[in-house]
Each structure stands twice: as C-alpha cells, then as structure tokens.
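# Breakdown of the fold
One-letter residues, chain by chain:
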Amino acid sequence: MTLVRWNPWQEMNTIQRQINSLFADEMLPSTLLEKSLAKVPAAELHETEEAIHLKLELPGIEAKDLDVQVTEKAVYISGERKSETKTEGKGVTKSEFHYGKFQRLIPLPTRIQNTNVTADYKDGILTLTLPKAEEEKKKVVKLNLESIG
C-alpha cells in the first residue's frame, strides 16, 4: 500500500476549475443567467448631520422608467432597462448588459422627512437628498459614566 499525502489546496484548485467550466459560455445558456443573477443598482450612502445622501447607479435607464418610493425608514426603487437590440442583418451579438426589471429596498440608518426629499438624475446617477427628521437631528444620548467601573 502506498502512502499519498493529502493536499487540500489541490482539491480547491479542482473545485475552481469545475466552477469555471460551469460558467463557460458554451455550457450556460444566457436565459439561465438572466433568471438567476438579477442585477440591482449599486448604491452609495453618505450621512451628514442634516441629511442622508443616497446615490444610485442606473446607466441606460430613463427617468420615466423608474419608480422611487420613500418612507421614513427606507427607499424602494424599481425600474426596467429596456433592450435596444435590432436584428437587421446576419451575425451573432454577445452582450454582457443586463436588461429587464429590477427592484431594490434600501433601509436607512435614521428616520427621515420623506415629504421633503429632493432628487436629481443626471448621467445615469440618481441622487436623493433625504433630510433627517427633526427628532433625529437633535438626538443626544447622555451616558452615565459613574456606574462604570
């Protein structure tokens, strides 16, 4: 009987090769990709003392195709990126663009005044300014340090 040393990294390499072959263009139909990997817009959240600034990356989507709803604690966005594919001639088109409907719910770290939200949409970037609720702006917590220690 021969003694063979086990190498866990070799098994990881084997798994990686198998995963790579699974996602090869020839083996995975694009319709399966579209159904299983739903794309949502990337978001950036910046909080100041007065407001929360939320940016959403929405390239290729017109403002009329967006639905934005704001509550005191969350922002809900949905929309659709429509395909502009034309079939005028023979040939093959490969695209990595993601078309179709999307939706995303972004919880906010503090309560806001959802009646005073302002929005700007330029170059595929939606910028929302969400002013904080008055009680959130003035919220100060006093710590009792005497009981520590």
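These notes cover the structure that comes with them. If you're wondering where the values come from, they're calculated on a predicted model, not measured in any experiment. (Residues numbered from 1 in each chain as written. Predicted model: local features only at pLDDT ≥ 70, side-chain atom pairs only at ≥ 80, totals over all residues. Heavy atoms only, no water.)

To continue, consider the sheet that holds strand β3 (residues 66–70). Spatial ordering of the open sheet is given by β3-β4-β5, a layout of three strands whose pairing is antiparallel. Only two strands of the sheet have a single partner each, and these edge strands are β3 and β5 (100–107). For this sheet, the mean inter-axis angle between neighbouring strands, taken without regard to orientation, is 10°. Taken together, the five bridges between β3 and strand β4 (residues 74–81) define a ladder with antiparallel strand orientation. Paired with Q69 across the two strands is Y76, which belongs to β4. (Pairing = 2+ DSSP bridges. Helix = DSSP H or I, 4+ residues; strand = E, 2+ residues; numbered from the N terminus. Axes fitted to C-alpha atoms, helices over the stretch in contact; angles between N-to-C directions.)

What follows concerns the side chain of S78. With respect to the element layout, S78 can be found in strand β4. Residues in contact with S78, not counting those within four places in the same chain, are D65, L66, D67, F102 and Q103. (Contact = heavy atoms within 4.5 Å.)

Taken in spatial order, the four strands make up an open sheet running β1-β2-β7-β6, and their pairing is antiparallel. Only two strands of the sheet have a single neighbouring strand rather than two, namely β1 (43–47) and β6 (118–122). The mean angle between the axes of side-by-side strands here comes to 15°, regardless of whether they run parallel or antiparallel. Sheet topology places β6 next to strand β7 (residues 125–131); five bridges connect them, and they run antiparallel. Bridging across to β7, T118 finds its partner in T129.

To continue, consider unusual backbone geometry. Peptide bonds are mostly trans, and most non-glycine residues show a negative phi. Phi at D123 is positive, roughly 55°, even though this residue is not glycine. Looking at where D123 falls in the secondary structure, it is placed in the loop between β6 and β7.

Moving on: the nonpolar core. Ranked by internal contacts, the top residues of the largest apolar core, which has 15 residues, are L54, L56, L58, I77 and L130. Those elements that provide at least two residues to this core are β2 (51–57), β4, β5 and β7. (Core = buried A, V, L, I, M, F, W, Y, C linked by side-chain atoms within 4.5 Å. Buried < 20%, exposed > 50% of the residue type's maximum accessible area, 1.4 Å probe, protein only.)

Glancing now at the pairing of β7. Side-chain direction in a regular strand flips from residue to residue, so the side chains alternate between the two faces of the sheet. Note: β2 against β7, seven bridges, orientation antiparallel. Following the sheet pairing, K55 is matched in β7 by T127.

The next point concerns the pattern of salt bridges. Counted under the stated rule, the structure contains five salt bridges. Between K132 and E47 there is a salt bridge, and its shortest N-O distance comes to 2.7 Å. In this pair, K132 is assigned in the loop between β7 and α3 (134–137) and E47 in strand β1, connecting sequence segments 85 residues apart. Here E47 falls in the partly exposed class, since its relative accessible area comes to 38%. Residue K64 pairs with D65 through a salt bridge whose shortest N-O separation is 3.7 Å. Judged by relative accessible area, which is 62%, K64 ranks as exposed. Take D65: its relative accessible area is 18%, and that puts it in the buried class. (Salt bridge = Lys/Arg side-chain N within 4 Å of Asp/Glu carboxyl O.)

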